[in-house]
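Remarks on the overall topology
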Amino acid sequence: MRDVLYRSRWLIGGAALCALVTLVLATMGGDEVSESHPLELAPADARLVARIDVAAVTGSHLWSALLEEDDEGGVRRIERTCGYDPLAQVEQAVVFVFGEDDDPFEHLGFVATGEMARGRDNRERLVGCVRSVVSDQGGAIREVEIEGETAVASAHGGSHAAFLGSDGVVGGDREVVERTIRVTNGAAPSAHAQPQLAALWERVSTGRDVVVVGRLPDRWLPALRRLAGDESELLDSLAGVRAFGLGVTVRDGLSIGAAIETASPDDAEGLERSLREQMERELSDPMARFSVIGSALRRVRMEAQGDDLVVSLSLSDDQIDEVLGLWRELQRREAEEPDPDPDPDPDPDPDPDPDPDPDPDPAPD
């Protein structure tokens, strides 16, 4: 769970950095991108689309607890460099991935919307912030044109960025920026045209601060199996998963709801059975059973409903603190634990075995 929360924080931070990488003084015209449905900002072949209510997330107890570890990290370093916090001006971040069948997650894109992109003064302020951040990192940027729009690109990498409409910023590689501009201009279809993603979005998004929907490529499981190693039993139960929707609320504790689409009711029931068995194995360890981790696992609810498995979990602010506290303690212990002594190098010149008696008593005549 801690890894998921940590990645979520940097996903949000990444959307803000996407805004910072923008160095374009575009015209002020265009519709507000923030008024668009999140799925309307991603290309039609997107595999995954996520929307983050940045104000709700950054104002949450969970964010504050996670930011305690960021004393010198990205968010605070940017604020010190720029003299203000651009993330505080990002209202919504939409993240998406797409790619060809042989690399379905090749392209990662962000669309950030909010005050940081409204009005010339805010954009010029953002430009100054970008100059400072890029300079501090020893980088440089160059001006380019994408789909007839002024944009910028990293001088030493593939990152590109441009303003969208009157309140948006898009960032990613050149193909991400190009296709997102075409989508928002109505020149190309969006992910909202995918019935599977649209239906999942409607199912899990109501009242949620973070929403993620995704459809899995045909060959996703072999790649996951290579990463997971020994967890073959659990992976076998995932073979029937086709798509998923996830909704997270962080304004009062942490509440997670997920809908996992499988190929058949048997697949949904098998996945539920496998997950329950995995949880029972974890709880069989007294250290886990009587810890806050055990308490959290016992709060997980799941039920197979036709082809879908529905999963939910809720934690209070106090329970979040306990989970993070336990994780930090485990990290501290791991850091303090000495590395096991390596096998000693063999003696390069070991003493030879004693020579046999050079002059044994002769046999009697």
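Residues numbered from 1 in each chain as written. Predicted model: local features only at pLDDT ≥ 70, side-chain atom pairs only at ≥ 80, totals over all residues. Heavy atoms only, no water.

Considering the state of the cysteines
- Considering all chains together, one arrives at one disulfide under this definition.
- Here cysteine 82 is linked by a disulfide to cysteine 129, with a sulfur-sulfur distance of 1.9 Å. For the disulfide bridge between cysteine 82 and cysteine 129, the dihedral angle about the S-S bond is near 70°, and by the sign convention the bridge is right-handed. In this pair, cysteine 82 is assigned in helix H4 (residues 74–82) and cysteine 129 in helix H5 (residues 120–136), connecting sequence segments 47 residues apart. (Disulfide = S-S within 2.5 Å. Helix = DSSP H or I, 4+ residues; strand = E, 2+ residues; numbered from the N terminus.)

A few points about the pattern of salt bridges
- In this structure the tally under the stated criterion is 13 salt bridges.
- With a shortest N-O distance of 2.8 Å, aspartate 45 and arginine 179 are connected by a salt bridge. A residue pair is termed long-range when its members are at least 10 positions apart, and aspartate 45 in the loop between helix H1 (2–20) and strand E1 (48–53) and arginine 179 in helix H6 (residues 174–184) qualify at 134 residues.
- On the accessibility criterion, arginine 179 (22% relative accessible area) is partly exposed.
- The residue arginine 179 makes a salt bridge to glutamate 175 at a minimum N-O spacing of 3.7 Å. Here arginine 179 and its partner glutamate 175 are both found in helix H6, four residues apart, which amounts to about one turn of the helix.
- Here the salt bridges share partners, and the residues they tie into one network are Glu32, Glu91, Glu115, Arg118 and Asp167. (Salt bridge = Lys/Arg side-chain N within 4 Å of Asp/Glu carboxyl O. Buried < 20%, exposed > 50% of the residue type's maximum accessible area, 1.4 Å probe, protein only.)

Observations regarding the nonpolar core
- Ranked by size, the top nonpolar core spans 47 residues in total, and within it Ile52, Met116, Leu254 and Val311 carry the most contacts.
- The next biggest cluster of nonpolar side chains, apart from the first, holds 30 residues, and it includes Val49, Val177, Ala191 and Val204. (Core = buried A, V, L, I, M, F, W, Y, C linked by side-chain atoms within 4.5 Å.)

Digging into the sheet that holds strand E3 (residues 107–114)
- Read across the sheet, twelve strands follow the order E4-E5-E6-E7-E3-E2-E1-E8-E9-E10-E12-E11 without closing on themselves; strand pairing throughout is antiparallel. Only two strands of the sheet have a single partner each, and these edge strands are strand E4 (141–146) and strand E11 (301–305). For this sheet, the mean angle separating the axes of adjacent strands, direction not counted, is 15°.
- Two elements, strand E6 (residues 160–164) and strand E7 (residues 168–172), share five bridges in a ladder whose sense is antiparallel. When the bridges of E7 are listed, alanine 162 appears paired with valine 170.
- Helix-sheet contacts for helix H10 (residues 265–283) involve strand E9 (241–249), strand E10 (254–262), E11 and strand E12 (308–315), and the interaxial angle to E11 is about 160°. (Pairing = 2+ DSSP bridges. Axes fitted to C-alpha atoms, helices over the stretch in contact; angles between N-to-C directions. Contact = heavy atoms within 4.5 Å.)

Notes on the packing of aromatic side chains
- Under the criterion given, the structure shown has one aromatic pair.
- Taking 6.4 Å as the distance between ring centres and 20° as the angle between the ring planes, the aromatic pair formed by phenylalanine 96 and phenylalanine 98 counts as stacked.
- Here phenylalanine 96 falls in the buried class, since its relative accessible area comes to 0%.
- For arginine 123, the ring lying beneath its charged end belongs to phenylalanine 163, and the centroid distance is 3.8 Å. (Phe/Tyr/Trp six-rings, centres within 6.5 Å; stacked < 30°, edge-to-face > 60°. Lys NZ or Arg CZ within 6 Å of the ring centre and 35° of its normal.)

A short note on the environment of valine 241
- For valine 241, the position within the fold is in strand E9.
- For the pair valine 241 and leucine 309, spaced 68 residues apart in the sequence, the C-alpha separation amounts to 9.6 Å.

Quick look at unusual backbone geometry
- Positive phi outside glycine occurs at glutamate 147, with the angle close to 50°.
- For glutamate 147, the location among the structural elements is in the loop between E4 and strand E5 (149–154).

Brief notes about the confidence of the model for the protein
- On average, residues of the protein score 80 in pLDDT, and 78% of them are at 70 or above.
- Low pLDDT, under 50, characterises residues 358–365; the predicted model gives this stretch zero contacts beyond four residues in sequence or across chains. (pLDDT = per-residue confidence, 0-100.)

Concerning a negative patch on the surface
- Residues Glu100, Asp102, Asp103 and Glu106 make up a contiguous surface patch of negative charge.
- Here glutamate 100 lies in the loop between strand E2 (90–98) and E3. (Patch = residues over 30% accessible without salt bridge, like charges linked within 9 Å, V, L, I, M, F, W, Y side chains within 5 Å. Areas by Shrake-Rupley, 256 points an atom, 1.4 Å probe, with all protein chains shown as cover. Lys, Arg positive; Asp, Glu negative; His and termini not counted. Charge placed at Lys NZ, Arg CZ, Asp CG, Glu CD.)

Comments concerning H6
- For H6, every residue scored as buried is listed here: Val176, Val177, Thr180, Ile181 and Val183. Buried residues of H6 fall within an arc of 160° about the axis and therefore sit on the same side.
- In the core, the buried residues of H6 are packed alongside E2, E3, E4, E5, E6 and E7.
- Near the N-terminus of H6, the side chain that reaches the backbone nitrogen of glutamate 175, with its oxygen 3.2 Å away, is that of aspartate 173.
- Phi turns positive one or two residues past the end of H6, at glycine 186, with a value near 80°. (Arc of directions from axis to C-beta. Polar contact = N/O pair within 3.5 Å; in protein donor to acceptor, adjacent residues only side chain to side chain.)

Regarding the pairing of E3
- Counting buried positions over the eight residues of E3 gives seven, a clear majority of the element.
- With eight bridges connecting them, E2 and E3 associate as antiparallel partners. Counted as the bridge partner of phenylalanine 98 is histidine 107 from E3.
- Examined bridge by bridge, E3 and E7 share four bridges and lie antiparallel to one another.

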